[in-house]
Amino acid sequence: MTTWDGFEAFVTAPVAAPPLPGAPPRTLDERLAYHSRFVTVRTPVIEALARDVRTLMLLGRHQAVTARPSLIVTGPAAAGKTTALLQVGRVCHLAHTRRHGPAAAGHVPVAYVLVPPAASAKTLAVEFARYLGIPVTDRMSQAQITNAVVHTYTAARVQLVMIDEIHRLNPRTTTGAQTADLIKDLTERIGATFVYAGIDVTGTPLFTGVRGAQLAGRASLIDCGAFPARLGQHEPFHDLITAMENALDLHHHTPGTLPALAGYLHQRTAGRIGSLARLIRQASITALTDGTERITKTTLETIRLDHLAEQHHRPRPR
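Below is a summary of the structure that appears in this document. Bear in mind the structure is a predicted one, so any value in this text is a computation, not a measurement.

Criteria and thresholds
Residues numbered from 1 in each chain as written. Predicted model: local features only at pLDDT ≥ 70, side-chain atom pairs only at ≥ 80, totals over all residues. Heavy atoms only, no water. Buried < 20%, exposed > 50% of the residue type's maximum accessible area, 1.4 Å probe, protein only. Helix = DSSP H or I, 4+ residues; strand = E, 2+ residues; numbered from the N terminus. Pairing = 2+ DSSP bridges. Right-handed = clockwise from strand over helix to strand, strands pointing away. Axes fitted to C-alpha atoms, helices over the stretch in contact; angles between N-to-C directions. Parallel < 35°, antiparallel > 145°, perpendicular 65-115°, else oblique. Left-handed = near helix turned anticlockwise from the far one by under 90°. Contact = heavy atoms within 4.5 Å. Nonpolar A, V, L, I, M, F, W, Y, C, P; charged D, E, K, R; others polar. Arc of directions from axis to C-beta. Salt bridge = Lys/Arg side-chain N within 4 Å of Asp/Glu carboxyl O.

1. Some thoughts on the pairing of strand 3 (residues 160-164)
Taken residue by residue, a regular strand's side chains alternate between the two faces of the sheet.
Then, number 1: Here strand 3 lies mainly inside the structure; 5 of its 5 residues are buried.
Then, number 2: The side-chain alternation of strand 3 yields two buried faces, one formed by Leu 160, Met 162 and Asp 164 and the other by Val 161 and Ile 163.
Then, number 3: Pairing of strand 2 (residues 110-114) with strand 3 involves 5 bridges; the strand directions are parallel. The residue bridging Ala 111 from the neighbouring strand is Val 161, located in strand 3.
Then, number 4: Two elements, strand 3 and strand 4 (residues 193-199), share 4 bridges in a ladder whose sense is parallel. In the strand pairing of strand 4, Met 162 is matched with Val 195.
Then, number 5: In terms of handedness, the path from strand 3 via helix 7 (residues 174-189) over to strand 4 forms a crossover that is right-handed.

This is the structure:
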């Protein structure tokens with residue numbers, strides 16, 4: 001099990017940025033691709049999740065009898081839960097590779113599984129198998145698939161299992177209860193730390209009943225809510241916008257334009273990091289394609305965002 005060397009470098013590293021001065025300029029296609037992907041800005045949720053995951057991985061290193069402690073990232077839609085999950089998974093993967101070097105060939109330290117809609121225990125087991133390319137046939141039983149998953153995940157030295165869209169599970173139904181039992185079984189048989197993400201999980205049936213009590217007794221919650229405009233003497237949303245603006249690669253953009261629009265951007269996106277990232281990415285691509293190479297409030301106003309953000313910004317009249 002890794003001690004996650006290099007973790008401290010992650011939490012203190014500067015945010016990704018455009019090419020340094022003196023570097024060869026990017027082509028238009030390269031800059032379009034860059035802004036389409038854009039950067040993952042380090043947020044307090046990502047830092048808290050990374051620290052807690054590292055702690056739980058160390059805590060569960062020698063625990064082999066019962067399920068290890070786990071984490072659940074919860075919050076509203078478009079709050080950045082999946083982004084936080086994937087970023088921490090990336091850090092864990094890179095740390096494992098740095099620690100083991102060539103010996104890490106064949107290792108898969110991180111697994112990411114999406115809970116399918118109306119998931120049954122067998123369909124979820126198939127998702128676990130598909131991630132590592134485990135051959136599955138229609139004739140295989142759930143127990144056979146599960147055994148193959150446990151064997152392969154152990155052989156691949158999977159250390160962190162991330163399960164997204166966990167709110168889709170409903171342990172109150174027969175199918176949902178069987179699926180929850182499968183997850184519990186995997187947490188006890190695979191020597192890895194499990195981290196879940198879902199929309200407002202405390203308001204779903206996930207924490208109800210006997211199975212819900214088992215999960216609630218093992219999992220800590222990390223709230224990935226909307227960014228507040230102000231928190232005491234700090235302005236988290238303003239800082240987030242500044243970090244995103246610093247990562248732009250637009251030739252004529254005026255620094256300070258987006259932070260000056262922090263109030264407008266907070267109202268426009270309801271403080272959701274997912275909506276904010278989409279707005280800035282779309283505005284950047286618009287600025288590149290129309291040749292203006294800058295983002296202004298006029299540019300931002302022309303962009304249609306996700307329905308939640310639009311309903312918040314332009315509520316329908318009664």
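2. A short note on the packing of helix 3 (residues 44-59) against helix 4 (residues 81-100)
Helix-helix packing: each pair is described by the crossing angle between the helix axes and the interaxial distance.
Then, number 1: Packing of helix 3 against helix 4 leaves a shortest axis separation of 9 Å and a crossing angle of 50°. The pairing of helix 3 with helix 4 is recorded here as oblique in orientation. At the point where helix 3 passes helix 4, the crossing takes the right-handed sense. Between helix 3 and helix 4, the contacting residues are Val 45, Ile 46, Leu 49, Ala 50, Val 53 and Met 57 on the first element and Ala 84, Leu 85, Gln 87, Val 88 and Cys 92 on the second.
Then, number 2: Split into classes, the residues belonging to the contact of helix 3 with helix 4 amount to 10 nonpolar, 1 polar and no charged.

3. Section: the sheet that holds strand 5 (residues 219-223)
Strands pair in a sheet through their backbones, by hydrogen bonds, and they do so in one of two ways: parallel or antiparallel.
Then, number 1: Here we have 5 strands laid out as an open sheet, ordered 2-3-4-1-5, and parallel in their pairing. Unpaired on one side and paired on the other, strand 2 and strand 5 mark the two borders of the sheet. Across this sheet, the average inter-strand angle for adjacent strands is 20°, counted without regard to direction.
Then, number 2: Pairing analysis gives 5 bridges linking strand 1 (residues 70-75) to strand 5, with the strands arranged parallel. Bridged to Val 73 within strand 5 is Ile 222.
Then, number 3: This element, helix 3, spans strand 1, strand 3, strand 4 and strand 5 of the sheet and lies at about 165° to strand 1.

4. What to know about the side chain of Thr 193
Then, number 1: Within the fold, Thr 193 resides in strand 4.
Then, number 2: What Thr 193 contacts, discounting residues up to four positions off in sequence, is Leu 56, Met 57, Pro 69, Gln 159, Leu 160 and Val 161.

5. Considering helix 2 (residues 28-37)
Then, number 1: Among all positions in helix 2, only Arg 31, Tyr 34 and His 35 are buried. In a view along the axis of helix 2, the buried residues occupy a sector of 90°, so they form one face of it. In helix 2, those exposed residues whose orientation departs by more than 90 degrees from the buried face are Asp 29 and Arg 37.
Then, number 2: In this structure, the buried side of helix 2 is in contact with helix 12 (273-289).
Then, number 3: Immediately downstream of helix 2, the backbone of Phe 38 shows phi near 55°, a positive value.

6. Let's talk about the pattern of salt bridges
Then, number 1: Taken as a whole and judged by the stated rule, the model has 10 salt bridges.
Then, number 2: We note a salt bridge from Asp 249 to Arg 26, for which the minimum N-O separation is 3.5 Å. Taken together, the positions of Asp 249 in the loop between helix 9 (236-246) and helix 10 (257-260) and Arg 26 in the loop between helix 1 (7-12) and helix 2 put the pair 223 residues apart, joining distant regions of the chain.
Then, number 3: Classification of Asp 249 as buried rests on a relative accessible area of 12%.
Then, number 4: Given the relative accessible area of 26%, Arg 26 is considered partly exposed.
Then, number 5: Where Glu 47 meets Arg 51, a salt bridge forms, and the shortest distance between an N and an O atom there is 3.7 Å. Of the two residues, Glu 47 and Arg 51 are both situated in helix 3; the distance of 4 residues between them amounts to about one turn of the helix.

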